[in-house]
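# Survey of secondary and tertiary structure
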Amino acid sequence: AQTVTQSQPEMSVQEAETVTLSCTYDTSESDYYLFWYKQPPSRQMILVIRQEAYKQQNATENRFSVNFQKAAKSFSLKISDSQLGDAAMYFCAYSNNNAGNMLTFGGGTRLMVKP
Amino acid sequence: NAGVTQTPKFRVLKTGQSMTLLCAQDMNHEYMYWYRQDPGMGLRLIHYSVGEGTTAKGEVPDGYNVSRLKKQNFLLGLESAAPSQTSVYFCASMGPNYQPQHFGDGTRLSIL
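Residues numbered from 1 in each chain as written. Chains lettered and ligands numbered in written order. Predicted model: local features only at pLDDT ≥ 70, side-chain atom pairs only at ≥ 80, totals over all residues. Heavy atoms only, no water.

## What about the overall build of chain A?
Note the following rule: Labels follow the DSSP assignment, with helices taken as runs of H or I lasting at least four residues and strands as runs of E lasting at least two, numbered in each case from the N terminus. Just to be clear, the radius of gyration here is over C-alpha atoms, and the globule rule we use is 2.2 Å times residues to the power 0.38. Per-residue accessibility, obtained with a 1.4 Å probe over protein chains only, is compared with the maximum for each type, and a residue is labelled buried under 20%, exposed over 50%, and partly exposed between these values. Here, residues are in contact when the closest pair of their heavy atoms is within 4.5 Å. Under the convention used here, a 1.4 Å probe and the Shrake-Rupley method define accessible areas, while residue burial counts only the protein chains that appear. Think of it this way: Lys and Arg go in the positive column, Asp and Glu in the negative one, and His and the chain ends go nowhere. Charged groups are reduced to one reference atom each: NZ for lysine, CZ for arginine, CG for aspartic acid, CD for glutamic acid.
Per the secondary structure count, chain A includes 0 helices and 12 strands. Along the chain direction, N to C, the helices and strands of chain A fall in the order β-β-β-β-β-β-β-β-β-β-β-β. What you see for chain A is a C-alpha radius of gyration of 14 Å, in line with the 13 Å of a compact globule of 115 residues. Taking the principal axes of its C-alpha atoms as reference, chain A extends roughly 45 × 30 × 20 Å. By residue count, 48% of the 115 residues in chain A fall in the buried class. Taking contacts inside chain A between residues at least 6 apart in sequence as the whole, the part at least 24 apart equals 55%. Summed over its atoms, the accessible surface of chain A is roughly 5500 Å², and 45% of this surface lies on carbon and sulfur atoms. Computing the positive centroid from 10 side-chain charges and the negative centroid from 10, chain A places the two 2 Å apart.

## Overview of the pairing of strand β9 (residues 87-94) of chain B
Residue and element names in this part refer to chain B. Counted only if it meets this: Following DSSP output, two strands are said to pair if at least two bridges run between them.
Across the 8 residues that make up β9, a large majority, 8, are buried. In this sheet, β9 lies alongside strand β4 (residues 31-37) in antiparallel orientation, the contact comprising 7 bridges. Along β9, the bridge assignment pairs Q37 with V88. Pairing of β9 with strand β11 (residues 107-111) involves 3 bridges; the strand directions are antiparallel.

## Things to note about unusual backbone geometry
For the bond running from T7(B) to P8(B), omega is -5 degrees, close enough to zero to count as cis. Its place among the elements puts P8(B) in the loop between β1 (4-7) and β2 (10-13). Even without being glycine, R43(A) reaches a positive phi, approximately 70 degrees. Secondary-structure assignment places R43(A) in the loop between β5 (32-39) and β6 (46-52). Look at N28(B): it is not a glycine, yet its phi comes out positive at around 60 degrees. For N28(B), the location among the structural elements is in the loop between β3 (19-25) and β4.

## Notes on the sheet that holds strand β7 (residues 65-67) of chain B
Residue and element names in this part refer to chain B. Put simply, the test is: Only the contacting stretch of a helix is used when fitting its axis, a line to C-alpha atoms as for every element, and angles between N-to-C directions run 0 to 180 degrees.
Across the sheet, which stays open at both edges, the 4 strands sit in the order β1-β3-β8-β7 with antiparallel pairing between neighbours. Two strands in the sheet have a free side with no partner beyond their single neighbour: β1 and β7. Across the sheet, the axes of successive neighbouring strands diverge by a mean angle of 20 degrees, strand direction being ignored. Bridge count between β7 and strand β8 (residues 73-78): 3 bridges; the pairing is antiparallel. Note on β8: the bridge partner recorded for S67 is L75.

## Concerning the pattern of salt bridges
Keep this limit in mind: Criterion for a salt bridge: a side-chain nitrogen of Lys or Arg within 4 Å of a carboxyl oxygen of Asp or Glu.
A complete count under the given rule lists 7 salt bridges over all chains for this structure. Within this structure, R50(A), E52(A) and K55(A) form a network of salt bridges that share partners.

## Quick notes on the interface of chain B and chain A
Accessible area lost upon the coming together of the parts serves often as the stated size of an interface. Definition in use: Buried area adds together the accessible area that both of two parts lose upon being put together, with accessible area traced by a 1.4 Å probe. Whenever two N or O atoms come within 3.5 Å, that pair is a polar contact, provided that in protein one can donate a hydrogen and the other can accept it, and provided that, for residues adjacent in sequence, both atoms are side-chain atoms.
Counting from both sides, the interface comprises 24 residues of chain B and, opposite them, 19 residues of chain A. Here chain B packs against chain A, burying approximately 1700 Å² in sum over the two surfaces, 56% of which is carbon and sulfur. The interface formed by chain B and chain A contains 0 salt bridges. Applying the counting criterion to the chain B and chain A interface returns 6 residue pairs in polar contact (both at pLDDT 80 or more).

## Examining the packing of aromatic side chains
Quick reminder of the rule: Pairs were defined over the aromatic rings of Phe, Tyr and Trp, the Trp ring being its six-membered one, requiring ring centres within 6.5 Å. Orientation was assigned from the angle between planes: stacked under 30 degrees, edge-to-face over 60, tilted for the rest.
Inspection of every chain in the model, using the stated rule, returns 16 aromatic pairs over all chains. Centroid distance Y32(A) to Y94(A): 5.3 Å. Interplanar angle 35 degrees. Geometry classified as tilted. Of this pair, Y32(A) sits in strand β5 while Y94(A) is found in strand β10 (residues 88-96), placing the two residues 62 residues apart along the sequence. Between F68(A) and F75(A) the ring centres are 6.3 Å apart and the planes differ by 80 degrees, which places this aromatic pair in the edge-to-face class. With respect to burial, F68(A) and F75(A) carry one shared label: buried. Three or more aromatic residues joined by ring pairs make a cluster, and in this case those are F35(A), Y37(A), F91(A), F105(A), Y33(B), Y35(B), Y48(B), F90(B) and F103(B).

Following this line, the structure appears as structure tokens:
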């Protein structure tokens, strides 16, 4: 079974600074997808960024980028120029092409942004 | 464009009562999912469906049943609610070509 681990229960960053959230996963598959979801207090699940395992290039979405290390099974999220609105729970998630493409989530990292 | 709509948004039950959570999507997606989120944890898959008339078990299926009689709807049932089922329930749907899942806003369910 696949597992996703987020080793940082909480992180704090100063507004306008950069922060990196860590995620590791375990799988025997070679073709899969990795995601970062943001969950603000409203509890909505908002997709931040997606990475396809067969693509070597790291995904970027505006201020959000990932460092995908396939051999190390590591998938970290970098948030640049942090904003107060970035404060939320962040979940790393894994999906492959088997068994209905279900998502396996990590335990989450709570990000606090200090003004 | 409503996306994924969950009904109700909040409910309180007594132990032993039954209820059904409704998930409706208007994107013509084949795949639908039910997850639960317990405090301080990530989402865990309860059941899922890969198309109308199909259902399959996820990671934590015990105590729940599901039905997908219509493509746009995915129902989650609790036959005899237990306090351990107090959680926030999320429905999601997914279209073709491994597009990301779209989530509903969640249902907070408390069982006393």
